[in-house]
Amino acid sequence: MSEVKKIAVVAGDGIGPEVVEEAIKVLRQTEELFGYKFELEHGLFGGIAIDEKGTPLPQDTLEMCQKADAVLLGAVGGPKWDNNPKELRPETGLLGIRKALGLFSNIRPAVVFDCLKDASTLKPEVLDGTDLIVVRELTGGIYFGEKFRRESANGGGQEAVDTCVYNVKEVERIAHQAFDIAQKRRKRLASVDKANVLETSRLWRETVVRVSEQYPDVELEHVLVDNCAMQLLRRPSSFDVIVTENMFGDILSDEAAMLTGSIGMLSSASLGEGSFGLYEPVHGSAPDIAGQGIANPIATILSVALMFRLSFGFGEAADVIERAVKNVLDAGHRTGDIAVDKSKAIGTTAMGDLIVAAMAR
Ligand code: NAD
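All of the points below concern the structure found in this document. Every value quoted in this text rests on a predicted model; they were computed, and no experiment measured them. Along every chain, residues carry numbers that run from 1 in the direction the sequence is written. Selection of residues for local features in this predicted model requires a pLDDT of at least 70, selection of side-chain atom pairs for listing and counting requires 80 or more, and totals for whole chains, interfaces and linings are taken over all residues. Excluding hydrogens and water, the side-chain values take into account all heavy atoms of the structure.

So, the overall build of the protein
- Regarding its fold elements, the protein presents twelve helices and twelve strands.
- Throughout, radius of gyration means the C-alpha value; the globule benchmark is 2.2 Å times the number of residues raised to the power 0.38. Here the C-alpha atoms of the protein give a radius of gyration of 21 Å, agreeing with the 21 Å that 2.2 N^0.38 yields for 361 residues.
- Residue burial is assigned from relative accessible area. The probe radius is 1.4 Å, only protein chains are included, and a residue is buried under 20% of its type maximum, exposed over 50%, and partly exposed in between. A burial count over the protein gives 52% of its 361 residues as buried.
- A sequence separation of at least 24 residues applies to 75% of the contacts in the protein between residues at least 6 apart.
- What sets the accessible areas is the Shrake-Rupley method with a 1.4 Å probe; for residues, cover comes only from the shown protein chains. Counting only carbon and sulfur atoms, one obtains 52% of the accessible surface of the protein, whose full area is about 16200 Å².
- When charges are counted, neither His nor the chain ends are considered; positive counts come from Lys and Arg and negative counts from Asp and Glu. To locate a charge, the coordinates of NZ of Lys, CZ of Arg, CG of Asp or CD of Glu are taken. Here the protein contributes 39 positively and 53 negatively charged side chains, and the mean placements of these two sets differ by 2 Å. Numbered from the N terminus, helices here are DSSP runs of H or I no shorter than four residues, and strands are runs of E no shorter than two. Should any heavy atoms of two residues lie within 4.5 Å, those residues are considered in contact.

Points about the nonpolar core
- I7, F38, V135, F308, L329 and I355 are the most contacted members of the largest nonpolar core, which has 64 residues in total.
- It is helix α10 (residues 298-312) that provides the largest number of residues to this core, a total of ten residues.
- Mapping this core onto the domain boundaries places at least three of its residues in each of domain 1 (1-103 + 273-361) and domain 2 (121-260).
- For I7, the contacting residues outside a window of four places in its chain are L27, F38, E39, L40, E41, A68, A70, L72, M307 and F312. Only buried residues count toward a nonpolar core. Its members are Ala, Val, Leu, Ile, Met, Phe, Trp, Tyr and Cys residues joined through side-chain atoms within 4.5 Å. Domains are outlined according to an automatic or database domain assignment.

Description of the site of the ligand
- Proximity is defined per residue: if any heavy atom of the residue lies within 4 Å of a molecule or strand, that residue is considered near it. Around the ligand there are 21 residues in total, and E91, G284, A286, D288 and N296 lie nearest to it.
- A distance of 3.2 Å separates a nitrogen atom of the ligand from a polar side-chain atom of H283.
- Within the backbone of N296, one N or O atom sits 2.9 Å away from a nitrogen atom of the ligand.
- Starting from 810 Å² of accessible surface for the ligand in isolation, the protein chains cover 68%.
- Along the lines of polarity and charge, the residues of the shell around the ligand split into ten nonpolar, seven polar and four charged. Within 3.5 Å is the distance limit for a polar contact, defined as a pair of N or O atoms, with the added protein rule that one can donate a hydrogen and the other accept it, and that residues adjacent in sequence qualify only through two side-chain atoms. In the scheme used here, Gly and all other residues not listed as nonpolar or charged are polar, with Ala, Val, Leu, Ile, Met, Phe, Trp, Tyr, Cys and Pro taken as nonpolar and Asp, Glu, Lys and Arg as charged.

As for the packing of aromatic side chains
- Any two of the Phe, Tyr and Trp rings considered here, Trp counted by its six-membered ring, make a pair once their centres fall within 6.5 Å; the pair's planes then place it as stacked at under 30 degrees, edge-to-face at over 60, or tilted in between. By the definition in use, this model includes twelve aromatic pairs.
- Pairing Y36 with F38 gives two aromatic rings, centres 5.9 Å apart and planes at 65 degrees, and the pair type is edge-to-face. As far as the burial class goes, Y36 and F38 line up, both buried.
- The class of Y36 is buried, set by a relative accessible area of 10%.
- A network of ring pairs unites the aromatic residues F34, Y36, F38, F308, F312 and F314 as a single cluster.
- Remark: a charge is flagged as sitting over a ring if the NZ atom of Lys or the CZ atom of Arg is within 6 Å of the ring centre and within 35 degrees of the ring normal. Above the plane of the ring of F104 lies R173, whose end atom (NZ or CZ) is 4.1 Å from the centre.
- Geometry around F239 places R235 over its ring, the cationic atom sitting 4.8 Å from the centre.

Regarding the environment of Q66
- On the secondary structure map, Q66 appears in helix α3 (residues 59-67).
- Along the backbone, Q66 and F276 are 210 residues apart, and their C-alpha atoms lie at a distance of 9.3 Å.
- If we ignore the near neighbours within four places in the chain, the residues touching Q66 are A100 and L101.

Quick look at helix α11 (residues 315-330)
- Here the expected length of a helix is defined as 1.5 Å per residue gap, with one fewer gap than residues. With 16 residues, α11 should cover 22 Å at 1.5 Å per step; its first-to-last C-alpha distance of 22 Å lies within 8% of that length.
- Every buried residue of α11 is listed here: A317, A318, V320, I321, A324, V325, V328 and L329. The buried residues of α11 occupy an angular sector of 165 degrees when the element is viewed end-on, so they sit on one face.
- The secondary structure elements touched by the buried residues of α11 are α1 (16-34), α10 and α12 (348-360).
- Two residues or fewer after α11 comes G332, characterised by a positive phi angle close to 100 degrees. Starting at the helix axis, one direction is taken to each C-beta atom, and the arc is that of these directions.

A short note on the packing of helix α8 (residues 225-234) against helix α9 (residues 246-260)
- For every element, the axis is a line fit to its C-alpha atoms; helices are fit only across the contacting stretch, and the angle between N-to-C directions ranges from 0 to 180 degrees. Interaxial distance between α8 and α9 falls to 10 Å at its minimum, and their mutual angle equals 10 degrees. Here α8 lies roughly parallel to α9, going by the angle between them. Mapping the contact onto sequence places V225, C228, A229, L232 and L233 in α8 and F248, L252, E255 and L259 in α9.
- Class assignment for the residues of the contact of α8 with α9 results in eight nonpolar, no polar and one charged. For this classification, under 35 degrees means roughly parallel, over 145 means roughly antiparallel, 65 to 115 means roughly perpendicular, and everything else is oblique.

Have a look at this one:
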């Protein structure tokens, strides 16, 4: 019998519980197919936790996540809590959980499914074969450096200063993570920086080069961030794994996401040391469609595939999930967000059931 993996489930608000339910069906199906054993524990998080416990991240939910091998998160937030003070906002729980779990990188795959190429704003021939991952550093850089205002020395009035700081250890740990991911894929890593101008980028590049010596099987290229932004639109299929610092990653991962055309399809992971990770769809709680049973569960289902690959080393099961999603889409099944003919769209549960059925074949 295989080892039991503990998964903490925090479904959250809006469509969170609806899409997480379908992802759990997929998890359970892999128990049948591969003999895995998962122990799922559920916790309150986000708006629902504010309503029931008076805080977006209750202590028992956090402890449950800390004891787990991985966390599956739905989405949080909604108009009901939008005007709450900061400490009583669902998003504060998101920042809190990432910090408390020591998550320092965000991983976002951008995969273009052939049958959905028309949903993208790019020409289908440019998108052919696109399957990339952006690895973004989450804890350093200009977002977290010292910030202040002062009177400028040259009579320009008030000036504002944001400092960008990275140390070797921060770059090393994210570089190792990116090389590890590249090793499990097509073994190509693009490190993105602005080393022609920024000192932090020069340190970044030196460190990545040093770390690369431990990964001789991974081909490393350095791409300046402005060039990378262009190449993502010109030749997206030539990228495998992209690793970059916080702000560049923030921008490039959104750009890469748009290649695929629909927010309901995008999975993500946040990783810390070791194999622990938090997995969630990129989309939010979609209050406009919550409770209607029409949300697309694919982003959350693909987040389970990511969890299998990155936290558990269950690559074969991840392949089965991803292939099932592709086959269901190829057969023409669509939820409303990705359907051309909305009158033929299927609901959340039907999409989950079709994917589970396709896994068994
Ligand atoms: P959103 O991603 O929730 O929705 C944007 C649009 O995309 C909506 O029209 C929605 O119906 C649609 N959409 C999103 N996911 C979909 C899916 N799976 N299937 C079909 N359609 C889908 O973004 P928003 O409207 O800006 O935010 C709504 C709430 O979610 C806010 O409270 C926001 O703070 C929160 N939010 C949470 C997270 C998170 O939990 N990680 C991320 C982003 C936004």
